[in-house]
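Chain and residue survey
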Amino acid sequence: MEYYNTITKKHYTFHELREAHEDLRVIAFTETFTVKDWNPNFVEVTIEGYEDPGRGKKAVRDGVQVKDGKYYDKYKIVDKTDDEKKDEDNRQLNNALQDRDNKLLKCDWTQLPDTALSAEKVVEFKEYRKLLRDITKDSNWPWTHKWPSEPKSKE
């Protein structure tokens, strides 16, 4: 929950309110003692989720709006900075590499010399593992690649 000063147009968390206003001596607002009871210039702001703005974009707070007598945060979609885009790409790459490495680890046992798999299954897993290693060459990597299907270990 956040709180909004309708005069100064500033947002606060409860912790920030307590730090900024010495006269606020409660540990929380309740149904019987609300932020408006404490200070009529403040309202509760409901934070609603918003759709993922997509690659290279971000949602930034753009004030508040009133719907059915309640205050809600309002957001607008803007372009990320070049540094933010680079960070986003690095996070996506690291996550995709971790997923790929986990898929490889999950089937490492299929390539051991004492595996109980048939020779055909060993070859299937060998081909699958090669596809996983080569997926980084996909032109859509790491954003919209399609993972290869893992073979079944049981025949």
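Higher on the page you've got the structure.
A few points on the structure. Computed from a predicted structure; not experimentally measured. Each chain has its residues counted from 1, running along the sequence as written. Only residues with pLDDT of at least 70 get local features here, since the model is predicted, and only at 80 or more are side-chain atom pairs given and counted; chain-wide, interface and lining totals rely on the full set of residues. Note: side-chain values were computed over all heavy atoms of the structure, leaving out hydrogens and water.

1. Considering the overall build of the chain
This is how the line gets drawn: Helix and strand definitions follow DSSP, with helices as H or I runs of at least four residues and strands as E runs of at least two, each counted in order from the N terminus. Burial here depends on accessible area, computed with a 1.4 Å probe over protein chains only, as a share of the maximum for the residue type. Under 20% is buried, over 50% is exposed, and the range in between is partly exposed. Contact definition: two residues touch when any of their heavy atoms are within 4.5 Å. Neither His nor the chain termini are counted; the positive set is Lys and Arg, and the negative set is Asp and Glu. Every charge is mapped to an atom, namely NZ of Lys, CZ of Arg, CG of Asp or CD of Glu.
Summing up its helical and strand segments, the chain has 4 helices and 5 strands in all. For the chain, the succession of helices and strands along the chain, N to C, is β-β-α-α-β-β-β-α-α. Looking at the chain as a whole, 27% of its 155 residues are labelled buried. Counted over contacts in the chain with a minimum sequence separation of 6, partners at least 24 positions apart contribute 45%. On the chain, the mean spot of the 29 positive side-chain charges and the mean spot of the 32 negative ones are 3 Å from each other.

2. A word on the packing of aromatic side chains
Definition in use: When two rings of Phe, Tyr or Trp (its six-membered ring) have centres within 6.5 Å they constitute a pair, described as stacked for plane angles under 30 degrees, edge-to-face for angles over 60, and tilted for the intermediate range.
Tallied over the entire structure, the rule returns 12 aromatic pairs. Between Tyr 4 and Tyr 71, the ring centres sit 6.4 Å apart and the planes meet at 40°, which makes this aromatic pair tilted. Here Tyr 4, found in strand β1 (residues 2–5), pairs with Tyr 71, found in strand β5 (residues 70–79); they are 67 residues apart in sequence, far enough to count as distant. On the accessibility criterion, Tyr 71 (23% relative accessible area) is partly exposed. One aromatic cluster in this structure is built from Tyr 3, Tyr 12, Phe 14, Phe 29, Phe 33, Trp 38 and Phe 42.

3. Thoughts on the packing of helix α3 (residues 82–106) against helix α4 (residues 119–134)
As a reminder, the rule being used: Every angle, taken between N-to-C directions, lies between 0 and 180 degrees, and every axis is a line fitted to C-alpha atoms, over only the stretch in contact when it is a helix. Orientation labels follow simple angle bins: below 35 degrees gives roughly parallel, above 145 gives roughly antiparallel, 65 to 115 gives roughly perpendicular, and whatever is left gives oblique. Helix crossings get a hand from a simple test, with the near helix turned counterclockwise from the far one by less than a right angle marking a left-handed crossing and a clockwise turn marking a right-handed one. Charged residues are taken to be Asp, Glu, Lys and Arg, nonpolar residues to be Ala, Val, Leu, Ile, Met, Phe, Trp, Tyr, Cys and Pro, and polar residues to be all remaining types, Gly included.
Direction vectors running N to C along α3 and α4 enclose 165°, while the axes themselves pass 10 Å from each other. Here α3 is positioned roughly antiparallel relative to α4, judged by the angle of their axes. The handedness of the crossing between α3 and α4 is left-handed. In this structure, α3 uses Arg 100, Lys 103 and Leu 104 to contact α4, whose residues at the interface are Tyr 128, Arg 129, Leu 132 and Arg 133. Considered class by class, the residues forming the contact of α3 with α4 number 3 nonpolar, no polar and 4 charged.

4. Let's talk about the sheet that holds β5
Under the convention used in this document: Strand pairing requires that DSSP identify at least two bridges connecting the strands.
Here 5 strands make up an open sheet; going across it, the order is β2-β1-β3-β5-β4 and the pairing mixed. Of all strands in the sheet, those bounded by a partner on one side alone are β2 (11–12) and β4 (57–67). Note: β1 against strand β3 (residues 42–46), 4 bridges, orientation antiparallel. Opposite Asn 5, over in β3, you have Phe 42 as the bridge partner.

5. Details of the side chain of Thr 115
What counts is decided by this rule: N or O atoms within 3.5 Å of each other form a polar contact, as long as, within protein, one can give a hydrogen and the other can take it, and as long as residues adjacent in sequence are counted only when both atoms are side-chain atoms.
Tracing the sequence through the fold places Thr 115 in the loop between α3 and α4. A distance of 3.4 Å separates the side chain of Thr 115 from the backbone nitrogen of Leu 117, its partner in a polar contact. Among residues more than four places away in sequence, those in contact with Thr 115 are Trp 109, Thr 110 and Val 122.

6. What to know about the pairing of β4
Side-chain positions along a regular strand alternate between the two faces of the sheet. Both β4 and β5 contribute to a ladder of 9 bridges, which runs antiparallel. What sits directly across from Arg 61, in β5, is Tyr 75. If you look at the hairpin formed by β4 and β5, you'll find 2 residues sitting between the two strands, and Asp 68 has a positive phi there, around 50°.

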